[in-house]
Amino acid sequence: MTTLLTIIIVLFVAVAIWQLIKIFDLAQVGASNTQIADDKDNKMNGYLMMGFLAFIYIITILCFWYLGDLPLMSNSASEHGPGIDSLMAISMVVIFIVQTVTQFLLHYFAFKYRGEKGRKALFYADNNTLEAIWTGIPVIVLAGLIIYGLFTWNDIMNVDDQEDPLIVELYAQQFNWKARYGGQDNVLGKANVRLIDLDRANILGVDEGDPNAQDDVIVTELHLPVNRPVLFKMRSQDVLHSAYMPHFRAQMNCVPGMVTQFGFTPTVTTADMRETEDMKDKVLNINKIRTEKSNELTANGEEALEPYEFDYLLICNKICGKSHYNMQMKIIVETEEEYNAWMAEQTTFAKSLN
Amino acid sequence: MSATVDTHNHDDHDVHHHKETFVTKYIFSQDHKMIAKQYLITGVIVMGIIGILMSLMIRMQIAWPEQPNAVFQALLGKWAPEGVMDADIYLALVTIHGTLMVFFVLTAGLSGTFSNLLIPLQIGARDMASGFLNMVSYWLFFVSCVVMILSFFVEMGPAAAGWTIYPPLSALPMAQPGSGTGMTLWLVSMAIFIASSLLGSLNYIVTVLNLRTKGMSMTRLPLTIWAFFITAVIGVISFPVLLSAALLLIMDRSFGTSFFLSDIFIQGEVLHYQGGSPVLYEHLFWFLGHPEVYIVLLPALGITSEIIATNSRKPIFGYRAMILSILAIAFLSTIVWGHHMFVSGMNPFLGSVFTFTTLLIAIPSAVKAFNYITTLWKGNLQMNPAMLFSIGLVSTFITGGLTGIILGDSALDINVHDTYFVVAHFHLVMGISALYGVFAGVYHWFPKMFGRMMNKNLGYIHFWITAVCAYGVFFPMHFIGMAGLPRRYYTNSNFPLFDDTADTQVVITVFALIAGLAQIVFLYNFISSIFYGKKAEQNPWRSNTLEWTAPVEHMHGNWPGEIPHVHRWPYDYSKPGHDEDFVPQNVPMKEGEEELHH
C-alpha cells in the first residue's frame, strides 16, 4: 500500500513540475521569440557567469573553512607520511593557483565579451608564441612534480632489508582481517590456502611441517612497536581486498594467489596520537555529533551510540562483497616494552592447533 | 575520394523516390540521421534516466543510511525489505550505474548520436560508408541494452562487483549474489556492446577517410570530426582487449579455466584454480578502461570546439594545436592505464613509468583548455544554451583535470586511491564534462535533427541549476575523500572515525536530488520541442559547417542536388573583408582572399 502511495506521490510531483514548466513554456508564446540568444540573453547570462565564478570561489572557501580539518594532513603517523603530505600540499597549491586563474579568465571573458548586436569579434586564429608558452609552463611545472613524486615513491616502495624490519603478514578474507607475526625468529612459516584445515584450527593455511612456522603468532588486533620498520606481507584467501591504513599513508591490495608487500615505520604511538591537539579536537567534534545522534536514538527507544575513542585502523578499500563496508582491524602502536609484553601473552601457532 | 562522391551522385535520384515504409524509416533504418536519433533516444534519454535514477538512490542511501525510504521500497521491491536498502543491491546499483553511464550513455549514446549525425553531414557525404553495418551496430546496441536491463530481473540481482568487475569477486558465484546470473548477463551484454561499438567505429573511420567531399582535406575538417575520428580509432584499438578480458572471464566462470584465478579458499572449500592472476585482468581491463575515458571525453571536447567557435563568432584558437593535442591525448591514453593499479601489487618500477606518462597527458589537456579560453577572448559571445554548456564543460574539465595531477602521482595515490577523492575527480572530468558535451550537442543540433528549436529559457534554467549542483555535489566530495573515506561503502556508520563527514554527505545528496529534478526541465523541453517547438530556419546559429547547407526537411541523401564543395576551413568567423561574421565552408574564396590561419 505504501509502495503504491509512494509511486502515486512521486508521479504527482513529477506531473506538477512538468505542468509548471509547461506554464512557463506557454507564457512565452507570442513574443517574437526565435529561441536564439539575443542581447538581453547575452547580458543576463554574462552576469550570471560572473555570479557563477563567485559561486566557485565561495564554495572553495567554504569547503576549506568547514572541511579543511577533515583531510588527514596534519596527523600522519609514519616516517614517510610527512613526505607524502608535503608533496600533497605542494600539488594542492599548484592546483589552487591554476584553478583560481583559469576559472577567472574563462568566466570573466564570458562576461566581458558577451555578444552585442553590431559588434564584430576579433579574427585571431593562432599564435605560436602563446602556444609555446602554455605548452612550456605545464611542462616545467609537471617535470618538477614528477621528479619530486618519483623520489617520494621510490623512498616508500624500496624496502631496505638492512633495517631488520618486523615481518607481519596481513591476511584478508570476506570480511575480516588477521595478522601473523614471524615469532622469535621473525620469519614467517610457509603458507598456502590449500593447507587450510578448519578442523585443526589452521585457518590461514600455514605449513604445519615448516620449522619457521611453529612460533608464528596469529592475532585479530594488530600491534606494532613504535619506530621500528614493519614490512607487511599481504595475502588474501578469496577475492581482492585492499589493506588501507590511512593514518600511516599506506595502502596495498591483497591478491589471491600472490603475496604483495608494503613497508613503513610507525612513528607515533596510539596513546601519543590521542593526546595531539588536532586529534583531541577531532574526537571532541565527533563525539558531539554522536551525542546528538544518541539523543535522537534514545528518544526513539533505541540504544545510544558508544562514545568514540581514537584508534588507528586497517580498513578494506577494494570492493569485496556484501560486508565490504565493515571490514576493519584495530591497529595499536605502542612502545617496545608494551609490544613485547603483549607478544609474550600470545599463543604460538604450534600450540594453537587442535 | 572524388570518385566515391560521384558514384553517390548517380544513385542519388533513386534514393529520393525510394518508398520508405514505417519499418524502414523508423525501425530498421539505414539513414545515419535516423540512426543518430535512435541512439539519442535509447542511449542518452532512456539509459540516462535509468543511470541517473540509480545514482540518486545511491546518494540517498549514503546520506540516510539504513533508514526506511519509501522510494527504495517502490523502486527496489524485494531488494529493500520494509524500505531499507539491502547491502548487496547497493553494490549492484553502484555497478550498474557506472556501467550504464560510462558505456551506454557516454560511449554509445554520445558517439552514436553525434558521430552518426555529424560525420556524413559535416564532411559532405550522402550517408555512412555502410548504412547496413550502421543499422546492425545500432540493433546490437539495442540488444545489449535489453540484456543489461533484463539482468535487473533475475533471481539473485544484477552484477555487483563494481563497473570494473575485478575477479575473483566477479568470477565466483559464491562470493556474492551479484556474481551469479546477473554477472553472466552483464558479460554477455558487454560482449554484444563491444561488437556494436566496433562496427560503429570502423564505419566512422572509413567514412571520414573515404567519403569527404571535394575540397574537404583533413586540415579542413571541423574539430568535431577530428574528435569523432580519433575516438573511433582509440575504440578500435582498445575495445577488443576488453572483449578478450570478458571472454577469458566467461571461461573462468563457466568452463573452469584459471586465467585470473589462483589459490582460492571460499566458503569452507579450496577451489581448483591455479596459476592465474587477477592482476592480469586489471591490466587487460584498464588497457581499455583508461582510453575509455577519452572515448567519452574527446567527442564532448570536439562538440565544444565547434560550439564555442560558432557562438564566439571567432575561429577556434590554434586549430592545428587542437588537432595535435587530440592526437597526443589519443597516443598517451593507451600507455597510462597502470595509474589505476599503483597499489595493485605490480612492480613499483612500473608505477614510476606510469606516473611519468600520466602526468605528460596533462600537457595536451592544458593546451586545449587554454585554447578554449583564448577563443572566448575578444569574441562576440552568443549565450545560447549550447554555448553555456560548452563553457561549463571547460570549467569542469579544468577543475576535474587538475585533481588528476594528484591521482596520477603514484606516491599521492597511495592515500587517496579508491576514496571519494577519486569519485569526485572522475565524475567532474569525464562524467559531468561529457554530459555537458551531450547537452551542448543536443541544444545545438536539435534544429538539424528535428527541424525545430528548443526553448532557450528552459535551456538557461536547466544549465544554471545543473551547473551549480554539479559543483555542489562534487566539490565537497574531494574533502571527504582526503579524509580517507573509501568509496563503495554501503554505510559509514561502522566507522565513528568518519562521523564528521556525515553532514557533508547530506548536503551532497540534496544537491544531487535538485540536479536530478532539473533534468525534468530538459526532458520536457526535449519532448515538447520535438512536436511543438518553433520551426527552425536552415542555419539558425549562422554556422560555417556543411550540415547547415542541407535543407531542414528530413531527406535521405542529405542534399537535394549536388553535394556542396568545400573551399575553406570551417572557422572563418568574423573574417576581415567579409560583411557577414561567418563564411560557410562551401563559399568560394574571393579573388585575392587569403587563408589567415596557419
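Rules and cut-offs
- Residue positions are counted from 1 within each chain, in the order its sequence is given.
- Each chain gets a letter, beginning with A, and each ligand a number, beginning with 1, in the order they are written.
- The predicted origin of the model limits local features to residues at a pLDDT of at least 70 and limits the giving and counting of side-chain atom pairs to 80 or more, whereas totals for whole chains, interfaces and linings rest on all residues.
- Note on conventions: DSSP H or I runs of at least 4 residues are helices, E runs of at least 2 residues are strands, and numbering of each starts at the N terminus.
- The size measure is the radius of gyration over C-alpha atoms, and the globule rule it meets is 2.2 Å times the number of residues to the 0.38 power.
- Every C-beta atom is placed from the backbone, and the number of other C-beta atoms within 10 Å of a residue's own sets its class: buried at 20 or more, exposed at 12 or fewer, partly exposed in between.
- Note that contacts rest on C-beta atoms placed from the backbone: two residues are in contact if these are within 7 Å.
- Whether two strands pair comes down to DSSP finding at least two bridges between them.
- Axis angles are defined between N-to-C directions and span 0 to 180 degrees, where every axis is a line fitted to C-alpha atoms and, for a helix, only to the segment in contact.
- Under the scheme applied here, ten amino acids are nonpolar (Ala, Val, Leu, Ile, Met, Phe, Trp, Tyr, Cys and Pro), four are charged (Asp, Glu, Lys and Arg), and all others, including Gly, are polar.
- Just so you know how the angles are binned, under 35 degrees is roughly parallel, over 145 roughly antiparallel, 65 to 115 roughly perpendicular, and the rest oblique.
- Helix crossings fall into two classes, left-handed where the near helix is turned counterclockwise from the far one by less than a right angle and right-handed where it is turned clockwise.
- Between the first and last residue of a helix there are one fewer steps than residues, each counted as 1.5 Å, and that sum is the expected span.
- Two axes enter the bend calculation: one fitted to the seven residues ending at the residue in question, the other to the seven starting there, and the bend is the angle between them.
- Per residue, pLDDT captures the predictor's confidence, and it can take any value from 0 to 100.
- For the purposes of this analysis, a nonpolar core is taken to be any set of buried Ala, Val, Leu, Ile, Met, Phe, Trp, Tyr and Cys residues that are connected through C-beta atoms within 7 Å.

**Q** It is not clear to me how the overall build of chain A should be interpreted in this structure. Could you clarify?
**A** For chain A, the helix and strand inventory stands at eight helices and ten strands. Against the compact-globule benchmark of 20 Å for 354 residues, chain A has a radius of gyration of 30 Å, which places it well outside the compact range. By its C-alpha atoms, chain A is 90 × 70 × 45 Å across when sized along the principal axes. Expressed as a percentage of the 354 residues in chain A, the buried residues total 36%. Here the analysis covers contacts within chain A between residues at least 6 apart in sequence; of these, 69% occur between residues at least 24 apart.

**Q** What am I meant to see in the overall build of chain B here?
**A** Scanning chain B for helices and strands turns up 17 helices and two strands. By the compact-globule yardstick of 25 Å for 598 residues, chain B fits well, its C-alpha radius of gyration being 24 Å. Principal-axis analysis of the C-alpha atoms gives chain B an extent of 80 × 50 × 45 Å. Looking at the 598 residues of chain B, the share that counts as buried comes to 64%. Nonlocal contacts in chain B, meaning residues at least 24 apart in sequence, comprise 80% of its contacts between residues at least 6 apart.

**Q** Just to check I follow, could you spell out the sheet that holds strand β2 (residues 176–181) of chain A for this structure?
**A** Residue and element names in this part refer to chain A. What the five strands build is an open sheet, ordered β3-β2-β1-β5-β8; its pairing is mixed. Sheet topology places β3 (217–219) and β8 (260–264) at the edges, where each strand pairs with a single neighbour. Strand-to-strand twist of the sheet, defined as the mean angle between neighbouring strand axes without regard to direction, takes the value 25 degrees. For strand β5 (residues 230–236) and β8, the ladder comprises five bridges, and the chain directions are antiparallel. Note that in β8 the partner of leucine 231 across the bridge is glycine 263.

**Q** Would you mind showing me how to read the pairing of β5 of chain A here?
**A** Residues and elements named next belong to chain A. By the criterion of burial, β5 is predominantly enclosed, with six of the seven residues buried. Note that strand β1 (residues 166–173) and β5 share seven bridges and pair parallel. The residue bridging valine 168 from the neighbouring strand is phenylalanine 232, located in β5.

**Q** Please explain the interface of chain B and chain A as it appears in this structure.
**A** Interfaces are often sized by the accessible area lost when the parts come together. Contacts between the two partners involve 124 residues from chain B and, on the opposite side, 109 residues from chain A. Looking at the side of chain B that touches chain A, the element that brings in the most residues is helix α16 (residues 456–482) of chain B, giving 14 residues. Considering only residue class, the side of chain B that touches chain A consists of 73 nonpolar, 37 polar and 14 charged.

**Q** Looking at this structure, I do not really get the sheet that holds strand β4 (residues 222–225) of chain A. What am I missing?
**A** The strands that make up a sheet pair up through hydrogen bonds in the backbone, lying either parallel or antiparallel. Residues and elements named next belong to chain A. With mixed pairing, the five strands of this open sheet are ordered in space as β4-β10-β9-β6-β7. At either end of the open sheet lies a strand with only one pairing partner, and these are β4 and β7 (250–254). Along the sheet, successive strands turn relative to each other by an average axial angle of 20 degrees, direction set aside. Relative to strand β9 (residues 312–316), strand β6 (residues 241–245) is paired through two bridges, and the arrangement is antiparallel. Its bridge partner lying in β9, tyrosine 244 is registered against isoleucine 315. Relative to β4, helix α7 (residues 336–345) is tilted by about 140 degrees, and along the sheet it contacts β4 and β10 (328–334).

**Q** How should I be thinking about unusual backbone geometry in this particular structure?
**A** Negative phi values dominate among residues other than glycine, just as trans dominates among peptide bonds. A cis amide bond links glutamine 174 of chain A with the next residue in sequence, phenylalanine 175 of chain A, at an omega value of -5 degrees. The omega torsion of the bond from proline 167 of chain B to proline 168 of chain B falls at 5 degrees, within 30 degrees of zero and hence cis. Backbone geometry at glutamine 267 of chain B places phi at a positive 50 degrees, although glycine is not the residue there. Position of glutamine 267 of chain B relative to the elements: it lies in the loop between β1 (265–266) and β2 (269–270). In this structure glutamine 267 of chain B comes out as exposed when scored by C-beta crowding, with 10 C-beta atoms within 10 Å. A positive phi angle, close to 60 degrees, is found at arginine 488 of chain B, a residue other than glycine.

**Q** Before we go on, may I ask you to explain the packing of helix α3 (residues 32–63) of chain B against helix α6 (residues 131–150) of chain B in this structure?
**A** For any two helices packed against each other, the geometry is given by the interaxial angle and the distance between the axes. Residue and element names in this part refer to chain B. Closest axis-to-axis distance for the α3/α6 pair is 10 Å, and the angle between their directions is 15 degrees. Compared by their axis directions, α3 and α6 come out roughly parallel. As for the relative orientation of α3 and α6, their crossing is left-handed in sense. Residue-level inspection shows His32, Ile35, Gln38, Tyr39, Thr42 and Met47 of α3 in contact with α6, the latter providing Asn134, Met135, Tyr138, Phe142 and Cys145. Looking at side-chain class alone, the contact of α3 with α6 contains seven nonpolar, four polar and no charged residues.

**Q** I'm lost on the environment of alanine 300 of chain B in this one. Help?
**A** All names here are of chain B. Examined against the element boundaries, alanine 300 turns out to sit in helix α9 (residues 278–312). For alanine 300, a count of 29 C-beta atoms within 10 Å translates into the label buried. Linking alanine 300 and serine 433, residues 133 residues apart in sequence, is a C-alpha distance of 7.3 Å. Non-local contacts of alanine 300, meaning those with residues more than four positions away in its chain, are made with Leu110, Leu393, Ser433, Ala434, Tyr436 and Gly437.

**Q** Is there a simple way to think about α9 of chain B in this case?
**A** Since the α-helix packs 3.6 residues into each turn, any two residues three or four apart lie on the same face. Residues and elements named next belong to chain B. An ideal rise of 1.5 Å per residue puts 51 Å on 35 residues; α9 measures up with 50 Å between its terminal C-alpha atoms. Most of α9 is tucked away: 32 of the 35 residues are buried. Of the residues one or two after α9, arginine 313 is the one with positive phi, at around 55 degrees.

**Q** Just checking my understanding: could you explain helix α5 (residues 87–123) of chain B for this structure?
**A** All names here are of chain B. In a regular helix each residue adds 1.5 Å, so 37 residues correspond to 54 Å; α5 covers 50 Å between its end C-alpha atoms and thus fits that length. Along α5, the helix axis deviates most sharply at leucine 100, where the bend reaches about 30 degrees. In terms of residue burial, α5 counts as a mostly covered element, since 36 of its 37 residues are buried. Downstream of α5 by a residue or two, glycine 124 has a phi angle that is positive, lying close to 80 degrees.

**Q** Where do I start with the confidence of the model for chain B in this structure?
**A** Caution applies to low-pLDDT regions: their predicted coordinates should not be interpreted in detail. All names here are of chain B. On average, residues of chain B carry a pLDDT of 92, and 97% of them reach 70 or more. Under a pLDDT of 50 for its full length, residues 1–16 has, in the predicted model, 15 contacts with residues more than four places off or in other chains. Interface scoring of the predicted complex returns ipTM 0.93; its pTM is 0.94.

**Q** I would appreciate a short explanation of the packing of helix α4 (residues 128–157) of chain A against helix α11 (residues 348–360) of chain B in the present structure.
**A** One way to put it is that α4 of chain A packs onto α11 of chain B with a least axis distance of 10 Å and a crossing angle of 165 degrees. With respect to α11 of chain B, the axis of α4 of chain A lies roughly antiparallel. As α4 of chain A runs across α11 of chain B, the sense of the crossing is right-handed. From α4 of chain A, Leu142, Leu145, Ile146, Gly149, Leu150, Trp153 and Met157 of chain A reach across to α11 of chain B, where they touch Pro348, Gly351, Ser352, Thr355, Phe356 and Leu359 of chain B.

**Q** Where do I start with the environment of serine 333 of chain B in this structure?
**A** Residues and elements named next belong to chain B. For serine 333, the location among the structural elements is in helix α10 (residues 319–333). Its 23 C-beta neighbours within 10 Å are what place serine 333 among the buried residues. Along the chain, serine 333 and arginine 542 lie 209 residues apart, while their C-alpha atoms are 35 Å from each other.

**Q** How should the pairing of β4 of chain A be read in this particular structure?
**A** Looking down a regular strand, the side chains alternate between one sheet face and the other. Residues and elements named next belong to chain A. Side-chain alternation along β4 places Leu222 and Leu224 on a buried face and His223 and Pro225 on a face that remains uncovered. Note: β4 against β10, four bridges, orientation parallel. Its bridge partner lying in β10, leucine 222 is registered against isoleucine 331.

**Q** I would appreciate a short explanation of the environment of isoleucine 286 of chain A in the present structure.
**A** Along the chain, isoleucine 286 of chain A turns up in helix α6 (residues 277–299). You can call isoleucine 286 of chain A buried: it has 20 C-beta atoms within 10 Å. In sequence terms isoleucine 286 of chain A and isoleucine 97 of chain A are 189 residues apart; their C-alpha atoms lie 32 Å from each other. Among residues more than four places away in sequence, those in contact with isoleucine 286 of chain A are Tyr308 of chain A together with Pro496, Asp499 and Asp500 of chain B.

**Q** Honestly, the nonpolar core in this entry has me stumped. Any pointers?
**A** The tendency in soluble globular proteins is for nonpolar side chains to be buried side by side. In terms of nonpolar packing, the biggest core is built from 279 residues, with Leu170 and Ala243 of chain A touching the most fellow members. Among the elements that make up this core, the one with the highest residue count is α5 of chain B (23 residues). Excluding anything up to four places from it in sequence, leucine 170 of chain A contacts Trp177, Ala179, Phe232, Met234, Ala243 and Cys254 of chain A.

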